[in-house]
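Report on the structure
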Amino acid sequence: MMKRFQTRVKALLAAALFTTAFSASAQETPENYVPYPYAFIGLQGGGQVTFGNCNNWELVSPTASVSVGVHFTPVIGARVHVNGIWNKSGVRIDGFDHKFKYKYATTDLDVMLNLVNLIAKGNYHPVNVYLIGGVGLNYAWGTKENPNLYQYISSGDRRSRLSHNFRVGTMLDVNVARNWSVNLEVDANSLSDRYNCLTNGHDDWQLTAQLGVTYKFGVRRKIKDTRASEIIETPVITTGQTETTAAQTVVKEEKPVVPEAPKPQPKAKEKTDTSIFFKIASSSIQPTEQAKLATIAQWIKSHPEAKVTITGYADKGTGSASVNARYAKQRAEAVQKALTDKYGIAASRISVDSKGDTIQPFTDNDSNRVTIVIAEE
């Protein structure tokens, strides 16, 4: 039994090291992501042992867990963790080990401290180590009685028993994709003396080791404006015999030339645009986008002859065509309403359109939850 357990532990450690190396080479650059805060759900499976005064290796039994939680900051997180299945206990009487089985379930509220983010720079790393501490309740039932143990187990304890659970542990968590990670968690649990039916004057201790997988909600890419930016040429300033540029000054030894009077040129029509981005399934203008809206509203006010075109879009990667068409229209109307009601732009100067998800102005899917405002004379 002990050799089989040691072999399994070595295999788990080898798998963890391989996964760590793979993920470290496969990670995208951290600056591409907004990793916190995010919610998560996890599944785990492994083994556990409740220590007694007989051969503890023979008391190892399977266990499984499910957890849901939130990482509020790069350092602090919390979860609700439920685990259990079967358990074994035993006692040595007159040199012989007597064992019995029962079922149990433990529910804990755990605090998770990310030691890597606490110590290292940045808040996104392919490998993280967590310190875990929590409190909860444990319920055990369904004891398979052993006649040799009647004198040690009360009739009430044979049916069911409720006890506290105090936990401390550690977790190695390895990112294998943007929203997925695998982990190895080891926990020590302290339960009341009556948990394993055997009273010995102090709390019972349980050691749990599990491998698991976690899915993270909300780890997303940063929004980038992928359209080409305007290129502004540096003008050449001529003063007498000297030509000055941003790079150098050249002095020419030439006679002054009287310049010809410039011919009147028609004024070039001015134009500007901006992109207002939205969250998924939302047509509300985010606080981070309000400054962009205020800037283009000021430009429109300073150019009274300019006309404004507002076009709403939705990303093709989520939702249906009908739902996306509705959101695209609502986003365009939300921007129009802000320009007219908040900034006093005349409605007669504005035309509104929406494309749904039929046109994707950006290469990044999430950036297509957008309304584009174009104003030109």
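Remember, it's a predicted structure, so these values are computed and weren't measured experimentally.

1. A word on the packing of helix α4 (residues 287–302) against helix α5 (residues 321–342)
Viewed as axis vectors pointing N to C, α4 and α5 meet at an angle of 60°, and their least axial separation amounts to 11 Å. If you check the angle between α4 and α5, you find them oblique. Crossing geometry of α4 relative to α5 is assigned as right-handed. Along the contact surface, α4 presents Q290, L293 and A297, while α5 presents V335, A338, L339 and K342. Across the contact of α4 with α5, the residue classes tally to five nonpolar, one polar and one charged.

2. Some details on the pattern of salt bridges
Applying the stated criterion across every chain yields a total of 11 salt bridges. Note that D110 is salt-bridged to R167, the shortest N-O span being 2.9 Å. One end of the pair, D110, is in strand β5 (residues 96–114); the other, R167, is in strand β7 (residues 160–175), and 57 residues separate them in sequence. On the basis of relative accessibility, which here comes to 0%, the residue D110 falls in the buried class. What makes R167 buried here is its relative accessible area of 6%. Salt-bridge contacts for R369 lead to D366; the nearest nitrogen and oxygen are separated by 3.1 Å. The exposure class of R369 is buried, given its relative accessible area of 10%. Several salt bridges converge on common partners, so that one network encompasses R79, D108, D110, R167 and E185.

3. Looking at the sheet that holds strand β14 (residues 271–277)
Judged by pairing direction, the sheet is mixed, and its four strands sit side by side in the order β14-β17-β15-β16 without closing on themselves. Every interior strand has two partners, whereas the edge strands, β14 and β16 (350–354), have only one. Averaged over all pairs of adjacent strands, the angle between strand axes in this sheet comes to 15°, irrespective of strand direction. Sheet topology places strand β15 (residues 307–312) next to β16; five bridges connect them, and they run parallel. Bridge pairing in β16 places V308 opposite I350. In the packing of α4 onto the sheet, contacts are made with β14, β15 and β17 (370–376), and the angle to β14 comes to roughly 160°. Helix-sheet contacts for α5 involve β14, β15, β16 and β17, and the interaxial angle to β16 is about 165°.

Thresholds, definitions, all that
Residues numbered from 1 in each chain as written. Predicted model: local features only at pLDDT ≥ 70, side-chain atom pairs only at ≥ 80, totals over all residues. Heavy atoms only, no water. Axes fitted to C-alpha atoms, helices over the stretch in contact; angles between N-to-C directions. Helix = DSSP H or I, 4+ residues; strand = E, 2+ residues; numbered from the N terminus. Parallel < 35°, antiparallel > 145°, perpendicular 65-115°, else oblique. Left-handed = near helix turned anticlockwise from the far one by under 90°. Contact = heavy atoms within 4.5 Å. Nonpolar A, V, L, I, M, F, W, Y, C, P; charged D, E, K, R; others polar. Salt bridge = Lys/Arg side-chain N within 4 Å of Asp/Glu carboxyl O. Buried < 20%, exposed > 50% of the residue type's maximum accessible area, 1.4 Å probe, protein only. Pairing = 2+ DSSP bridges.

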